[in-house]
Amino acid sequence: MQQLRADRGLTQRQLAEPAYTPAYISTLEAGRARASDEALRHIAERLGVAFEEIVTGRPAHLVTDLRLRLTEARRALATGDAEAAAEQYTALLAEAEAHGFAESRAEALLGLGECGLESGELGPARSHFEHAEQVLAAAGAPLPARVPALRGRAVSHYLAGELRYAVYLLESTLDELNRGGLHDPDALLLLYASVIGPYMDMGAHARAAQAAEYALALAPQAGDPALVARMHRSVARTLLAEGKVAEADASLGKAAELYRQLQIRTELANCHWMRGYVYAQNGDLERAEAQLREARAMLTAKRAALYTSQVAVELADVLHRRGKSEEAAALLREVLSDLSPERGALHAAAAHRLLGIIAEDARDTETAEEHYVRALSLLERAGAAGDLADLCRLLGDLLRRSGRVEAALDAYRTGLGHRTAPGTTTLGPAPAQPPL
């Protein structure tokens, strides 16, 4: 109060009159008394500032300005520029921490986590999501508000090959939301769309298909959210310049929601991916290729490199089955340059497996064995039982045909140790269903 009064060249008498005395203002400025809300409103009016600024010591427009810049960062991420978004979120996180804005701090951490997922930097991404969850929990945020952080953690574990823990996080959160009556459509959409991949890799195909249907039913419908969001951002800037903070806040809220919907394109691409997988399993390869190409195009447009690589492996499998083996092999070699044991291990294994099959078809036994062995080491680390059993059969058959019977027996025994029936999993009961 003293600083604002001095900045405006006012005396204590000028600030106090006509409702209060200069002595009262002096007592307040010295910290010897606590002003009533009525007195604070009078003083704020005399100083020409918002009541909130007098109460908190922070300019009222600061929170809105932070929100505007967070929306800009979300726009950058939603439109595929993860690197620029990460720079913006880093600066905003430092500012939010300096001013003690828990909500803005959590949003910046979530943004940094999403940038990490987009770029494949899984360790830092997981750390940001865990930190965001802690900030939100400390601020008393309800479970639906914490879902993006929980989902981010689960996806980072999944992409690192830790399938069971990823499914545990997603299913337990879904169960808590549905059983507790917390039927937030956005939260449920994120969770159902994110659990599809782990289900598929664990052999729980029925659960994956059901989750995909729930996700598509919950998906928000928007004609062109990017254009509408841009309009709301422009309006917010104008309102903020005019000092209409509340109106600017409302406009920014709408813009942020639309950019969030744009980010859901990654999740919806996963649904096209799932449909392509189902078509491929049913032998409808033409429709499968169309769905997988659609998913890959959506992800490429967002520059989501890791996800794009994963869909490319599924697409290569369909191309090979349609007799386009050269195109499939070229796609797989391109994909493997973007994958590693710590970054997309399961799909790296699938790429090596398929390259092995293509090599076998070309009677290149040595190359086929090399790819199978690489795939085997990746799958053993991830614990993908169904895929591991199938791969051991392929490797055993190859070794047997080349006359190495003992080595073939070892491969078969390894596969039997990990055998699982198609479509089954050691997961517990499915989570409660949403009220669709």
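Predicted model, so just to flag it, every value in this text is computed and none were measured.

Undergrad: Tell me about the overall build of the chain, and please be specific about residues and values.
TA: Broken down by element type, the chain carries 22 helices and zero strands. For the chain, the residues scored as buried account for 49% of the 436 residues in total. Here the contacts in the chain between residues at least 6 apart in sequence split such that 61% fall between residues at least 24 apart. Taken as a whole, the chain presents about 20200 Å² of accessible surface, with 50% of it coming from carbon and sulfur.

Undergrad: So, the side chain of Thr-71: which residues are in play, and what are the values?
TA: Position of Thr-71 relative to the elements: it lies in helix α6 (residues 60–78). A distance of 2.8 Å separates a polar atom in the side chain of Thr-71 from the backbone oxygen of Arg-67.

Undergrad: Explain the environment of Glu-95 residue by residue, including any values.
TA: Tracing the sequence through the fold places Glu-95 in helix α7 (residues 82–99). Under the relative-accessibility criterion, Glu-95 is labelled partly exposed at 22%.

Undergrad: Describe the pattern of salt bridges, naming the residues involved and giving the relevant values.
TA: A pair can form between side chains of opposite charge whenever their charged atoms are brought close. For the coordinates displayed, the defined rule picks out 25 salt bridges. Residue Glu-17 pairs with Arg-13 through a salt bridge whose shortest N-O separation is 3.5 Å. On the basis of relative accessible area, Glu-17 is assigned to the partly exposed category, the value being 35%.

Undergrad: Account for the confidence of the model for the chain, with residues named and values stated.
TA: When pLDDT is averaged along the chain, the result is 80, and 81% of the positions lie at 70 or above. Element-level mean pLDDT values for the chain span from 55 in helix α14 (residues 225–241) up to 94 in helix α9 (residues 122–138). pLDDT under 50 marks residues 420–426. Its contacts with residues more than four places away, or in other chains, come to twelve contacts.

Undergrad: Explain empty space enclosed by the protein to me, using residue names and the numbers behind them.
TA: Taken as a whole and judged by the stated rule, the model has three cavities of 30 Å³ or more. Estimates place the volume of the second largest cavity at around 90 Å³. Together, Leu-174, Tyr-192, Val-195, Tyr-199, Arg-207, Gln-210, Ala-211, Tyr-214, Ala-430, Pro-431 and Gln-433 line the second largest cavity. At the level of secondary structure, the elements contributing two or more residues to the lining of the second largest cavity comprise α12 (185–202) and α13 (205–218). Here the element with the most residues in the lining of the second largest cavity is α13; it accounts for four residues. A class-by-class count of the residues in the lining of the second largest cavity yields eight nonpolar, two polar and one charged.

Undergrad: Residues and numbers for the nonpolar core, please.
TA: Ranked by internal contacts, the top residues of the largest apolar core, which has 114 residues, are Tyr-89, Leu-117, Tyr-192, Leu-332 and Tyr-372. Shared between two domains, this core takes at least three residues from each, and those domains are domain 2 (142–263) and domain 3 (298–420). Ignoring sequence-local partners within four residues, the contact set of Tyr-192 consists of Leu-174, Asn-178, Ala-211, Tyr-214, Ala-215, Leu-218, Ala-432, Gln-433 and Pro-434. Leu-4, Leu-40, Ala-44 and Ile-54 belong to the second largest nonpolar core, which has 14 residues in total.

Undergrad: Give a description of helix α10 (residues 143–159) that names residues and reports values.
TA: In an α-helix, one full turn covers 3.6 residues, which means residues spaced three or four apart are oriented alike. Compared with the 24 Å implied by 1.5 Å per residue over 17 residues, the 24 Å span of α10 between its first and last C-alpha is a close match. Remark: the principal bend of α10, roughly 30°, maps to Ala-149. Buried residues dominate α10, accounting for 13 of its 17 residues. Gly-161 sits one or two residues past α10 and shows a positive phi near 95°.

Definitions and limits used
Residues numbered from 1 in each chain as written. Predicted model: local features only at pLDDT ≥ 70, side-chain atom pairs only at ≥ 80, totals over all residues. Heavy atoms only, no water. Helix = DSSP H or I, 4+ residues; strand = E, 2+ residues; numbered from the N terminus. Buried < 20%, exposed > 50% of the residue type's maximum accessible area, 1.4 Å probe, protein only. Contact = heavy atoms within 4.5 Å. Areas by Shrake-Rupley, 256 points an atom, 1.4 Å probe, with all protein chains shown as cover. Polar contact = N/O pair within 3.5 Å; in protein donor to acceptor, adjacent residues only side chain to side chain. Salt bridge = Lys/Arg side-chain N within 4 Å of Asp/Glu carboxyl O. pLDDT = per-residue confidence, 0-100. 1 Å grid on protein atoms, 1.4 Å probe; cavity = no way out; pocket = protein on both sides within 12 Å on 5 of 7 lines; lining within 4 Å. Points joined across faces, edges and corners; volume = space filled by probe spheres on them. Nonpolar A, V, L, I, M, F, W, Y, C, P; charged D, E, K, R; others polar. Core = buried A, V, L, I, M, F, W, Y, C linked by side-chain atoms within 4.5 Å. Domains from an automatic or database assignment. Expected span 1.5 Å × (residues − 1). Bend = angle between axes of the 7 residues up to and from the residue.

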